[in-house]
Amino acid sequence: MASWLGGLGSGLGQSLGQVGDSLSSLTGQISSFTKDILLEGAEEVGDAATELHVSNSRLREIESINAAQKFENDRLKKVCSDLEEKHEAAELQIKQLSIEYRNQLQQKEVEISHLKARQNALQEQLQKVQTAAQTAQLGAGVLPAATASASYVPEVRHSSGFEGDDMDFGDIIWSQQEINRLSNEVSRLESEVDHWKQIAVSSKVQGTNDAEQSEICKLQNVVKELKQNLSQEIDEHQHELSVLQDAHRQKLVEISRRHREELREYEERIEELENRLQQDGVSTDAVDDPKLTEQKKKAQSPDGGQVEELQVVKDLEDEIRKLNHKLSSAKAENKNLLKEQEFANLEKIQIAQDYEKLKSDFNALQRSVAEQDALLKEQKQLQSKPSVPQDVASLQQALLEAENEIARLSSLNQELMSAQHKHENILSSNTEDQNSEINQLRQDLERKEHELNESVAERETLIAELEELDKQNQEATQHVITLKDQMSKQHTETDSIIKQLKLDIDCERKKVSELETEKMKTIKELDSQKEKLSHCSYALNDLHITKQQLQDNIKDLQEQLRKAQECNSHSKKEIGDLQQRLKEREEELHVSLSKLTEKSNEESNTCQDLILKEREAEIAKLQNEVSENKQINEDLQKSLSNLRTENGKLIAAIEELKQELSDAISEKKKVHLEKDTLVEALKMEKRQLESELNEAESRLLEQARNYKQTIEELSSARSMDTTALQLEHERLVKLQQEKDFKLAELKKTIEQMEIDHQETKEMLTTSLGGQKQLTDLIKEKEVFIEKYKNQALQAKQELEEYMKVSKKQDVLKQNLEEKDRSLAVMKEENNHLKEEIERLKDQQSRSTPVVEPKTLDIIIELESEVTQLKVIKNNLEEEIKVHKKTIEDQNQATVKLQQSLQEQRKEIDESKLQCQQMNVTHERLFLEKDEEIKNLQKTIEQIKTQLHKERQIIQTDASDLFQETKVQTLNGENGNEKHDLSKAEIERLVKGIKEREMEIKLLNEKNVSLSQQIDQLSKDEVGKLTRIIQEKDLEIQALNARVSSASYRQDVLSLQQQLQAYVLEREQVLAVLSEKTRENSQLKTEYRNIMDMVAAKEAALVRLQEENRRLSNISENSSQDMSRETIQNLSRIIREKDIEIDALSQKCQTLLTVLQTSSTGAENGAGGVNSNQFEELLQERDKLKQQVKKMEEWKQQVITTVQNMQHESAHLQEELHRLQAQISVESDSTSRLQVDYNGLIQSYEQNEKKLKSFSQELAQVQHSIGQLYNTKDLLLSKLDLVTPSVATAATVSQLSGVQCSPPEALSEECKLLQNELEQLKKKLQEKDSTIRILQENNQRLSDSVATASEIERKSQEGAESEMRQIKEKHDVLQKSLREKDILIKSKSDQLLSVSENLSNKENENELLKQAVTNLKERTLILEMDIRKLKEENEKIVARCREKETEFRALQETNMQFSMMLKEKEFESHSMKEKALAFEKLLKDKEQGKTGELNQLLNEVKSMQEKAVTFQQERDQVMVALKQKQMESSALQSEVQHLHEKEQRLNQELERLRNHLLEMEDSYTREALAAEDREVKLRKKVLILEEKLASSSTAVENASHQASLQVESLQEQLNLVSKQRDESMLQLTISQDQVKQYALSLANLQMVLEQFQQEEKAMYSAELERHQKQSAEWKKKAENLEEKVVSLQVSLEEANAALDAASRLTEQLDIKEEQIEELKKEGEIRREMLEDVQNKLMNLMNSTEGKVDKLLMRNLFIGHFHTPKNKRLEVLRLMGSILGLKKEELDQLLSEEQRGVTRWVTGWLGGGAGSKSVPSTPLRPTHQNIFNSSFSELFVKFLETESCPSLPPPKLSVHHMKPLGAAGAGKTSSTPPNSQIQDSPVSGMGRRPDANPFLAPRSAAVPLITPASSSGHLLMKPISDALPTFTPLPVSPDASAGAVLKDLLKQ
């Protein structure tokens, strides 16, 4: 039982400690979680206004959270302190109760032992009286011996079944069998008792060693913690598995969804591509035939059709480009799909690895999870394998179709190429024909000079064509201008957008900086608040220390309070005097002011000095008075500093003052509007001071000295002006009034404390009454047992008498001679018997009364109680199981929540870091984008200035630039290094573009110059060189035809093809880039949003983790200390309870043994009871009572824990609501972001459409530029053909001249021709020079084109390399993005799991609520009492409210008075000023000087300025007072908060009181019953004592009756003797001897009776004296209790502010002192008892010489117990004691040797029933003991008695014997071998030196009869037929008192 209790106590302590930890950790985590969630989101908001709003709301939320945390910390600290005090009070109460119970148990045991001793003594006296009467009548000592022997034969305690005189032997046999059965049951029960006692001893040994107990408790706690950790880890692993499974499932679902979406997108794209391809194919098929026909026609006319062929080729090339572009996009899509497939495979591999790791971790814990994992893997394979390959297959099919279409288009392209080859062959043939024609023309030049005209006409046609070309060029330029306008408009729009963006960025930066400053401020505020919290904790510790000091100082403080009251009255009087003085002085001031006005300027100065001096003197006086008042106030504040209510009322007073000041300021503000600026500045200072005031509030709570300092500061501030001093006086008056109110309230609180003390007194009296009831019950049961004992004794005596009468005659004949010898032995025995009588008389002084039996009723009641208690126990066990389940569920839920919170914290930390990085990158990107925008503006302006001919290059470069800048900006968002690289590349490209633009400008200028020169030539030389030019034109045409087919045209074509190829590649790259950038931008926007979310959550998680760690450390430290203290206290309580249980179990066992013995014979009598049932019922009742008490305690604890969990669940629900609100806010923000994202996508699509339109326009411009290029080429070729035609003309002319010279010989013609030739030569030289210049220009242009093409190639190569790098980077980014997506999905899964957990928690909370409702229904009965107490509380609260209303009314009157005083002061001040002015005016009038009037006016102005300065100072003071008002309002709010806390604490106190009352109700009910029984028993004891007094007078009557009975018996004896006279002739001799012995015995008996009467008188006197002493001590104790009560009342009056727990502790300390005093009294009484014992020992020593009747009787009986072969030794010893000679003894023995034994056996044969009684066989080890001689035993007895006995040791509560000691003394019907072998007499136990004659009842008699002995029953040792008391192991130094106590404990 004790071990079970210990385990339960330790478990309770641990569970309570865990509940505290979980509570503190939960509250800390919840607060930190809410903080971090509220702090998150600065990065999530994109808008500036929303950011400001969010930051402001966050600041407010942080402040509210901070206040809530402050409040929560204070509340928790106070709750902890209250719980500690309550715990200490409960411990002290339990200690006191246990000590009282132990003392009462000891007292009752002593009383029981006294009553038993008294009963035995009375029985012996009655027996002695009877024997004396019989011996007087008979003369023969037959009956005395019988009675004497009867008293010392072991007494069979039967019930009153043998009331009749006639007793049959069959009944005796039946009773013998019944006794055997019951003895077996007793042995069984004793073995069980020994077992339980051993357990109890082991538990007690454990309890004695505190260190071992504490170590065991610690180990148990460690084991439980390890178990809990194991369970938590298992739960965590399970939770992680479930989370991973959910995450995997969701990943698979999302991957499949993504694949489906992508498949749909790709299918749509493929369908679009197919549609486009079909359209393109139709168009190409339709276009091919007409183109071929046109080519044939142009082959016939090659000069005109080349341009159209080039256009067709360009169109085809465009189509091929588009197809290539589509192919590349399809390939890219295929690549993306393959990459996504690879990512999916990688994810699958990673998930498989994770699952393998988890399997390896959890194989030991969960094997069922393996099956789930296998199932999940199968599902994965089923889900992923079919989906991905199907997608890939469908995509591959689409790609194959696209490739087939591309192959078809490539075949068409090849056909086109073959057509081009054919066309080239035709051209080559045509050129050959033209060459031949040119040769013919050269030969026939002279003949074809007339064709010059035709050439001129053709030239005119060419000019017309040029004009057409010019028109086309103008149209193109107009188109370009329109484009330029559009571009300029777009540029202006972009500029405006850029400006707006810049402004927005600047605003956002400002807002960010403001938010950062606000963040810094909030961080500083949080730090300061943390410091305040630490200060508060230190202050609380200081307050706890000061509490203990204040408990000592309260008495002194009361005296100080009285003095302070007197000082208050004095100060009030002084303040009244001061007010009168102030009025007088104000009047004086008015008079002085009037005088000052009259005085002159000179006198005014002196007056001012005088007035200032007077004012200074007044101020000094007032300051002295104020200092005196301050000293008085300081004394008052010292006396009332530790009372919390004072601060509140002081604050109220300050608030009122500040309200008055604020009214005055509002009035003066109307006058002083100029000082508004100062007020605003002061408001700013006020805000700063408010933060300082918050710090001052915490310091006020810590120490009241700071409050004094603030008052001193106020007084110093007010000393600036006399009005301020007056206000301070008013404040002091109000403070004194408030302190009077406080004193009245303190008196009320003292009265309440007195009422509480009376209630505690009543509780203690009820508990004492319960204890008395228990003692009454015990006494009743003892009385029943004693009645049964008396009845059994009577029946046994009658039996023994009848048996002895039948056998005495035979015995008397044989033992007449032996009696003479045994007289001496009897004398020695008499001494020892006297010692026993004295011991028994010791017992008489402690005896208890006898009461009639009520066992049946008690047993019935006990059975009913047992059944009820069992039902209650079952119900409570079921409730406890339910509560345990709910608590375990809640613990698991809290663990899961903590895990989810930790995960969220990690996420929030990561997201915060990412958000910070993103912020940095965003800032850099903004700067870089600004620079890029500027660069782009420059480039746009440069592009506008370029010519229309080079539009294609510029547009491609610009598009490259735009695309590259887009890519660069996107890449820059991911990393700064990439951005720097892209920036450098942009700069390089811009430089190349500038160079190209310069080259194009040069070429354009040259073209213009050439065109001008051609125009000039055509205009100037029309008349002169028409023919020559016609010829030259023909030659030029021929050369054109030749050059067009030459390598130059091929080079141009190849360059154009290269350019087109580059353009195609660039377009492809740009298309890919545009797609990638679009995807990248989308991904980045999503990534930014997600990263912002994640960063915010991770930051919040980090903060939560830090705060959680901090709080957990604090709570662990505090909870460890608390748990250690609680465990130690619980171990103490359990030890005390174990001791109480042991004592009670000892009592119960003694009662059970008595009841067993009494119930054996009850079945023949009136309604017997089964002893086993009774014992079981008692045991069950005790156990069930204890269990019920524990269950009730546990129920209360469970109820409290459930209530705490309810509160926690409420908090959790509130936090859930908060989280849901935050989630809704976040969802709103995400929806907004989605809307913005959709808008951006739409804008992007619009931009793409615009770009497409631009690209189309660019294509048109490129086409026009190509046409311009062609015209330029034609012009250049014509110019090149001029030079060879001139040379050929010269040669032809020479030849013609040579041929024509001989025949013609005309000199004139030759001269003319030569002149013409010279002119032509000159012209040709000029033309040659112009042609050379043009060729040089052409070379330059070709070089520039080559360099441009090389630059383009290089730039394209660089762009390709950059594109590759960008692609790689893009791939890396995509990978990282996908990883981030996976992370985000896992986090979202975790969030979902957390929400599910929260829903589970809500369900669990609902279940808990249902359980709580059930508990509430059960606790309705308790709530009725609580309602009554609440009603009383409400009455008290109503009284308090009435008092508060009165107080407010007084305050309002005070306010009115103060306002009146202020008005009067103001009026007096104004009157004084007026009086001074009047005085000055009067003086001026007397003197009558205008100059003096001017001086007076100047003085008045100076005075006004001074007044203004004074007003300013007063305003400053008012501002300071306003600040102090704010402080006081804050203090008042705190005081209200403290009042609310006090109310809560009072409610908790009332609840605990009710709980204590309910817990003690069970004790008090039993205690009341026990008190009633105790009263009844005491009355019965008094009646029995009166009966004892009457019994001494009734002894004579009894002797007469006994003589009559003896006569009848003697007649019967005579009849019997007549029958046996014939067979026994020696009877006469033996009768003579018997007569002699009877005479000697009668003498001895008379002596004994005299001695007993003397001892009775002594004992009665001592008893009366002791009773008087006890009454006196009781009176003293009552007086002391009254004194203690008065002291408690005084202490309670002082300790009004302290809690009820401290009161209880003080009362318990006082009661412990009382107990110690009572213990001292008990020790004094023990010393008195020891003195009495010493006196008795002296008396025994004095009566040793006398021969005792009892001793002789014992010797005589011992003679018959010895073996027959050694009885002669006994007879010789008896003869030697009686003084017979050896010779006489030898003669007697030789004569009567034969008949001794039979005579003795016949005389004493009735001791133990008839011969027919079945005897139990003796064990073989026991037979040797009976062979030892009587003389040896007697010698040993003498040796033992000769040893001196030490005084008894002082037994205290701590030296109580353990349970095992009692059990050791008890022996069953079969004692152990060692026990019997060690002792000289069987059954003596462990005491080898024990006295066989002093052993109680049957110590000297063997317990088991030997099987071999077959003599008379009396000659046999006592068998199992007679139940025996076990021998006592008495130590040699133990006294009679110790022996008695050991007897009682048995």
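Owing to the predicted nature of the structure, the values given are computational and were not obtained by experimental measurement. (Residues numbered from 1 in each chain as written. Predicted model: local features only at pLDDT ≥ 70, side-chain atom pairs only at ≥ 80, totals over all residues. Heavy atoms only, no water.)

Draft legend 1. Just a nonpolar patch on the surface, in detail. A contiguous nonpolar surface patch, about 200 Å² in accessible area, is contributed by I463, L466 and L1275. Locating L466 in the fold gives a position in helix α8 (residues 451-598). L466 gets classed as partly exposed once you look at its relative accessible area, which sits at 33%. (Patch = residues over 30% accessible without salt bridge, like charges linked within 9 Å, V, L, I, M, F, W, Y side chains within 5 Å. Areas by Shrake-Rupley, 256 points an atom, 1.4 Å probe, with all protein chains shown as cover. Salt bridge = Lys/Arg side-chain N within 4 Å of Asp/Glu carboxyl O. Helix = DSSP H or I, 4+ residues; strand = E, 2+ residues; numbered from the N terminus. Buried < 20%, exposed > 50% of the residue type's maximum accessible area, 1.4 Å probe, protein only.)

Draft legend 2. Summary view of the nonpolar core. Counting residues in each nonpolar core, the largest one holds 23 residues, and the members touching the most others are V825, M826, M1752, L1755 and L1778. At the level of secondary structure, the elements contributing two or more residues to this core comprise α13 (722-845), α23 (1627-1694), α25 (1749-1761), α26 (1767-1778) and α29 (1830-1842). Ranked by residues supplied to this core, first place goes to α13 with 7 residues. Of all hydrophobic cores here, the second largest spans 13 residues; its members include F784, I859, V866 and F1174. (Core = buried A, V, L, I, M, F, W, Y, C linked by side-chain atoms within 4.5 Å.)

Draft legend 3. The environment of L469, seen in detail. Note on placement: L469 falls in helix α8. Among the residues examined, L469 registers a relative accessible area of 26% and is labelled partly exposed. Distance from L469 to Q1267, taken between C-alpha atoms, is 8.8 Å for residues 798 residues apart in sequence.

Draft legend 4. Spotlight on the packing of α25 against α26. Between α25 and α26, whose axes approach to 9 Å, the crossing angle comes to 165 degrees. In terms of axis orientation, α25 runs roughly antiparallel to α26. Taken as a pair, α25 and α26 cross one another with a handedness that is left-handed. Across the interface between the two elements, M1752, L1755, F1756, H1759 and F1760 of α25 pack against R1767, V1770, L1771, M1774, I1777 and L1778 of α26. For the contact of α25 with α26, the per-class residue count stands at 9 nonpolar, 1 polar and 1 charged. (Axes fitted to C-alpha atoms, helices over the stretch in contact; angles between N-to-C directions. Parallel < 35°, antiparallel > 145°, perpendicular 65-115°, else oblique. Left-handed = near helix turned anticlockwise from the far one by under 90°. Contact = heavy atoms within 4.5 Å. Nonpolar A, V, L, I, M, F, W, Y, C, P; charged D, E, K, R; others polar.)

Draft legend 5. Region of interest: the pattern of salt bridges. In total, this model carries 37 salt bridges according to the counting rule given. As a salt-bridge pair, K86 and E1548 come within 3.8 Å of each other at their nearest N and O atoms. You can see K86 sitting in helix α2 (residues 48-138) and its partner E1548 sitting in helix α22 (residues 1490-1620), a full 1462 residues away along the chain. We note a salt bridge from R249 to D246, for which the minimum N-O separation is 3.7 Å. With a gap of 3 residues between them, R249 and D246 both fall in helix α5 (residues 210-300), about one helical turn apart. Taking the relative accessible area as the measure of exposure, D246 reaches 26% and is therefore partly exposed.

Scope: geometric values only; no functional claims are made or implied.
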